[in-house]
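# Structural overview for review
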Amino acid sequence: MTLSVTVPTDAMQRPPAEVRYADELARLRAADDAPKPPGWALSLRAARAFVVGDDALGVTRKFVGDPSLIDRALVSLATNRGLLLVGEPGTAKSLLSELLAAAVSGDSTLTIQGGAATTEDQIKYSWNYALLVSEGPSERSLVPAPLLRGMAEGRTVRFEEITRCPLEVQDCLLSPLSDRVLAVPELPGGAGMVFAKEGFNIIATANTRDRGVNDMSSALKRRFNFETVFPIADFDTELALVEAEAGALLRRSGVTVAPHRDVLEVLVTAFRELRTGRTARGDEMDRLSGVMSTAEAVAVAHAVGLRGWFLRGTAGTAADLASCLAGTAAKDNPEDLAKLRRYLEQHTGWRAGAQWRELRDARRELPGG
Ligand SMILES: Nc1ncnc2c1ncn2[C@@H]1O[C@H](COP(=O)(O)OP(=O)(O)OP(=O)(O)O)[C@@H](O)[C@H]1O
Ligand SMILES: [Mg+2]
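Residues numbered from 1 in each chain as written. Chains lettered and ligands numbered in written order. Predicted model: local features only at pLDDT ≥ 70, side-chain atom pairs only at ≥ 80, totals over all residues.

## Considerations on the overall build of the protein chain
Each helix and strand in the protein chain was counted, giving 17 helices and nine strands. In terms of principal-axis extent, the alpha carbons of the protein chain reach across some 75 × 50 × 45 Å. Here the protein chain holds 369 residues, and the buried ones make up 39% of them. Partitioning the contacts of the protein chain with sequence separation of at least 6, the portion at a separation of at least 24 is 69%. (Helix = DSSP H or I, 4+ residues; strand = E, 2+ residues; numbered from the N terminus. Buried ≥ 20, exposed ≤ 12 C-beta atoms within 10 Å, placed from the backbone. Contact = placed C-beta atoms within 7 Å.)

## Observations regarding the sheet that holds strand β8 (residues 201-207)
Strand order in the open sheet made by the five strands is β2-β5-β8-β1-β9, with parallel pairing throughout. Edge positions in the sheet fall to β2 (111-113) and β9 (224-228), since each has one partner strand and no second. The mean inter-strand angle of the sheet, taken between neighbouring strand axes irrespective of direction, is 20°. With three bridges joining them, β2 and strand β5 (residues 156-160) adopt parallel strand pairing. Note that in β5 the partner of Ile112 across the bridge is Phe159. (Pairing = 2+ DSSP bridges. Axes fitted to C-alpha atoms, helices over the stretch in contact; angles between N-to-C directions.)

## So, helix α14 (residues 294-312)
When the terminal C-alpha atoms of α14 are compared, their 27 Å separation across 19 residues agrees well with the 27 Å that a helix rising 1.5 Å per residue should span. Directly after α14, the chain includes Gly313, whose backbone phi takes a positive value near 75°. (Expected span 1.5 Å × (residues − 1).)

## Quick word on the site of ligand 1
Taken together, the neighbourhood of ligand 1 is formed by 18 residues, with Ala92, Lys93, Ser94, Thr294 and Ala295 sitting nearest. Among the elements of the structure, α5 (93-105), β8, α12 (235-252) and α14 are those that each provide at least two residues to the shell around ligand 1. Across the shell around ligand 1, the residue classes break down as nine nonpolar, seven polar and two charged. Taken domain by domain, the makeup of the shell around ligand 1 includes at least three residues from each of domain 1 (11-228) and domain 2 (235-365). (Near = placed C-beta within 6 Å. Nonpolar A, V, L, I, M, F, W, Y, C, P; charged D, E, K, R; others polar. Domains from an automatic or database assignment.)

## Some thoughts on the nonpolar core
The biggest cluster of nonpolar side chains holds 56 residues, and the ones touching the most others in it are Phe50 and Leu100. Elements with a contribution of two residues or more to this core: α2 (22-31), α3 (44-52), α4 (67-78), β1 (82-87), α5, α8 (146-153), β5 and β8. Setting aside residues no more than four positions away along its own chain, Phe50 makes contact with Glu24, Leu25, Leu28, Leu42, Val59, Leu99 and Ala103. With 38 residues, the next largest nonpolar core counts Leu306, Ala318, Cys324 and Leu359 among its residues. (Core = buried A, V, L, I, M, F, W, Y, C linked by C-beta atoms within 7 Å.)

## Here we look at helix α15 (residues 318-330)
If you check α15, its first and last C-alpha atoms are 18 Å apart, about what 13 residues at 1.5 Å a residue would give, namely 18 Å. A bend of about 35° at Cys324 is the largest found in α15. Taken together, the buried positions of α15 are Ala318, Ala319, Asp320, Leu321, Ala322, Cys324, Leu325, Ala329 and Ala330. Turning to α15, the residues buried within the fold contact α13 (261-276), α14, α16 (334-346) and α17 (354-361). Where α15 ends, the next residue or the one after it, Lys331, has phi of about 45°, a positive value. (Bend = angle between axes of the 7 residues up to and from the residue.)

## Notes on the packing of α12 against α13
Direction vectors running N to C along α12 and α13 enclose 120°, while the axes themselves pass 10 Å from each other. In this view, α12 runs oblique relative to α13, as classed from their interaxial angle. The chirality of how α12 crosses α13 is right-handed. On α13, the residues that touch Phe235, Glu238, Leu239, Val242 and Glu243 of α12 are Arg261, Leu264, Glu265, Val268 and Arg272. (Parallel < 35°, antiparallel > 145°, perpendicular 65-115°, else oblique. Left-handed = near helix turned anticlockwise from the far one by under 90°.)

## Remarks on the pairing of β8
Counting buried positions over the seven residues of β8 gives seven, a clear majority of the element. Across the two faces of β8 the burial is the same, with Asn201, Ile203, Thr205 and Asn207 and Ile202, Ala204 and Ala206 all buried. As paired elements, β5 and β8 share four bridges and run parallel to each other. The partner of Phe159 across the bridge, within β8, is Ala204.

## Quick notes on the domain arrangement of the protein chain
The accessible area lost on association of the parts is a frequent measure of interface size. Split by domain assignment, the protein chain resolves into domain 1 (11-228) and domain 2 (235-365). For domain 1 and domain 2, the distance between their C-alpha centroids amounts to 34 Å. Opposite the five residues of domain 1 that make contact, domain 2 presents seven residues. A class-by-class count of the residues in the side of domain 1 that touches domain 2 yields two nonpolar, two polar and one charged.

## Side note on the environment of Arg287
Tracing the backbone shows Arg287 in the loop between α13 and α14. Along the sequence, Arg287 and Arg272 sit 15 residues apart, while their C-alpha atoms lie 9.8 Å from each other. Once residues lying within four places of it in the same chain are set aside, the contact partners of Arg287 are Leu274, Arg275, Thr276 and Gly277.

## Things to note about unusual backbone geometry
Phi is positive for Ala92, which is not a glycine, with a value near 80°. Tracing the chain through its elements places Ala92 in the loop between β1 and α5. Non-glycine residue Arg180 carries a positive phi angle of around 60°. Inspection of the secondary structure puts Arg180 in the loop between α10 (174-178) and β6 (181-183).

Here's what the structure looks like:
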């Protein structure tokens, strides 16, 4: 059997933003008569509309938040400084970086995933060893990684979770960001200096729960403009987002009946209370140590819908929610599981609505219950 690595677009679990929203990008390009920074696929105004939506052009809102954040982010990308999106886990930093790259360069796939084992080779370039041995270092034997490609082609490079990389590895971004050049000393003559083409820049993301940005070298910090992405403050906005995102995920999963809005309301309420440690009527309660972000709420709403549909052929219910919460909220932490159980025992009884009663009754579904 041969392995085909080319997956057709309609069979992809999650196509990149430029594929998911190809129609919207085409409409924005066609209507875009505003000035563009050199090397950009869209003007700042059109890129902004791609992220925050434009009803007249049929462009959906993809990121919920302060539009001035998007303006500042785009202006940073048009300067010679990188953009660093920082914030709590699950606040859509990665989504925003993907959308910005798709808007600015028409491509969000030049991505480096930062981690403890990330090496300079994975960021800059490596070699095809067979060719290196047979013909020595040459442009043919060079295997470009996202940074080199972004610089040579004038495109946006995404660096996910940059602060999870070792400091000395992060610092290989210094000269690409400040001098806009990357040295490839092995290549002979003028080919050994790759000068960045117009349009190149870097969007990095960093999560406040991992090793913080404080650990970044001050030299590198100075080469980035920082933007903080905050969790969604307003309940109704978060609920609408969870409903829309989970609905889209469920459709892709072949589920035709989504959980009822009442169930999602209970879900979003529970997430917000377990995140903040305070109930809607002001009682203090235990916060969970696990991440209870909007991204997690969307994932749980998706699971609730799948559970109802694939196990019973009905919409997901508040009882399904109890089962799905344990795997997200408590993970492997027994203390969080106990806190979750206490929450269901002590803080659900006083609320009006059948969904809350059902959630309370389903607390026995929790593992070990
Ligand atoms: N403000 C928001 N606008 C749009 N979607 C949001 C928002 N906040 C959370 N989401 C949801 O979260 C998902 C994106 O989460 P994403 O992975 O981008 O977060 P992150 O901040 O990168 O998290 P992490 O720190 O764990 O990497 C979106 O697909 C969406 O469902
Ligand atoms: Mg992320």
